[in-house]
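# Report on the structure
This is what each chain is made of:
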Amino acid sequence: MDFLSPAQIAGYVSFALGMIAFMQTRDRPLKLFNGAQCIAYAVHFFMLGNIPAAATATVSAIRSFLALRTRSPLLAVAVVVILVAIGSQVVTHWTGWLPVAASSFGTLAMFLLRGIPMRLVMLGCCLMWLANNLLSGSIGGTLLETAIALAMISTIVRMVRARRAAAAP
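Scope of this entry: the structure provided in the associated data block. Here the structure is a predicted model, which is why all the values come from computation and not from measurement. (Residues numbered from 1 in each chain as written. Predicted model: local features only at pLDDT ≥ 70, side-chain atom pairs only at ≥ 80, totals over all residues. Heavy atoms only, no water.)

The next point concerns helix α5 (residues 97-112). If you check α5, its first and last C-alpha atoms are 22 Å apart, about what 16 residues at 1.5 Å a residue would give, namely 22 Å. Turning to α5, its buried residues are Leu98, Pro99, Val100, Ala102, Ser103, Ser104, Gly106, Thr107, Ala109, Met110 and Phe111. For α5, the secondary structure elements touched by its buried residues are α2 (27-48), α3 (51-67), α4 (73-90) and α6 (115-136). (Helix = DSSP H or I, 4+ residues; strand = E, 2+ residues; numbered from the N terminus. Expected span 1.5 Å × (residues − 1). Buried < 20%, exposed > 50% of the residue type's maximum accessible area, 1.4 Å probe, protein only. Contact = heavy atoms within 4.5 Å.)

Between its terminal C-alpha atoms α6 stretches 31 Å, which fits the 32 Å expected from 22 residues at 1.5 Å a residue. Of all the residues in α6, the buried ones are Gly115, Ile116, Met118, Arg119, Met122, Leu123, Cys125, Cys126, Trp129, Leu130, Asn132 and Asn133. The inward-facing, buried residues of α6 abut α1 (6-22), α2, α3, α5 and α7 (139-167). The positive-phi residue at the C-terminal boundary of α6 is Gly137, with phi of around 75°.

Quick look at the packing of aromatic side chains now. Two measures describe an aromatic ring pair: the distance that separates the ring centres and the angle between the ring planes. Summed over all chains, the structure comprises three aromatic pairs. Plain terms: the ring middles of Tyr41 and Trp129 are 5.2 Å apart, the flat faces sit at 35° to each other, and that makes the pair tilted. In this pair, Tyr41 sits in helix α2 while Trp129 sits in helix α6, placing the two residues 88 residues apart along the sequence. With a relative accessible area of 2%, Tyr41 lands in the buried category. A residue is classified by how much of its surface remains accessible, and Trp129, at 8% relative accessible area, is buried. Feature note: the residues Tyr41, Phe45 and Trp129 constitute an aromatic cluster, connected by ring pairs. (Phe/Tyr/Trp six-rings, centres within 6.5 Å; stacked < 30°, edge-to-face > 60°.)

Let us look at the pattern of salt bridges. For side chains of opposite charge, pairing can occur when their charged atoms come near one another. In this structure the tally under the stated criterion is one salt bridge. When the shortest N-O distance is used, the salt bridge between Arg119 and Asp27 registers 2.9 Å. Here Arg119 is found in helix α6, whereas its partner Asp27 is found in helix α2, with 92 residues between them in sequence. (Salt bridge = Lys/Arg side-chain N within 4 Å of Asp/Glu carboxyl O.)

Looking now at the environment of Gln24. Mapped onto the fold, Gln24 is located in the loop between α1 and α2. Between the alpha carbons of Gln24 and Phe46 there is a distance of 27 Å; along the sequence they are 22 residues apart. Apart from residues lying up to four places away in sequence, Gln24 is in contact with Pro29, Leu30, Arg119 and Thr155.

What follows deals with a nonpolar patch on the surface. On the surface, Leu32, Ile39, Val43, Phe46, Met47, Ile51 and Phe65 cluster together to form a nonpolar patch covering roughly 620 Å² of accessible area. Taken together, the elements giving at least two residues each to the nonpolar patch come down to α2 and α3. The biggest single contributor to the nonpolar patch is α2, with five residues. (Patch = residues over 30% accessible without salt bridge, like charges linked within 9 Å, V, L, I, M, F, W, Y side chains within 5 Å. Areas by Shrake-Rupley, 256 points an atom, 1.4 Å probe, with all protein chains shown as cover.)

Structurally, the position occupied by Thr142 is in helix α7. On the basis of relative accessibility, which here comes to 18%, the residue Thr142 falls in the buried class. Every residue in contact with Thr142, bar those within four places of it in the chain, is listed here: Leu130, Asn133 and Leu134.

In structure tokens form, the structure reads like this:
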């Protein structure tokens with residue numbers, strides 16, 4: 001495995017953008033950086049030959065940017081339908097459904113949830129992407145999802161503490 005191949009470098013770029021995204025305590029910057037991270041992820045997985053992951057990452061980028069403008073449940077459902085339709089066309093092995101499921105649940109979280117609940121669902125999505133990345137041989141992606149999981153847990157803890165501090169008399 002070439003640690004400095006173009007595919008792996010795209011994964012490292014995705015790693016950096018993802019770390020910035022999931023350290024955000026405000027939803028808007030999280031969605032913005034997540035969209036950018038998804039674009040790098042799409043390039044990364046395309047170069048690795050993981051078409052289901054590349055396709056769902058592309059849709060996830062569009063989803064993240066749309067979620068900056070609207071919280072429409074109808075649009076969220078439309079994006080999930082698109083993800084499942086794409087998955088039905090490109091998935092050839094059960095493992096290909098991991099990024100489809102992660103992106104689908106992530107879509108629902110981005111459009112329908114806020115704050116801590118959104119991050120908890122995104123943490124579950126992160127674990128599905130982690131499994132996909134391990135199976136794909138994605139170095140940057142594996143590092144990314146591991147670090148994002150840790151960053152999200154840290155951010156959730158900070159948000160819970162801030163909420164408790166604000167509620168204290």
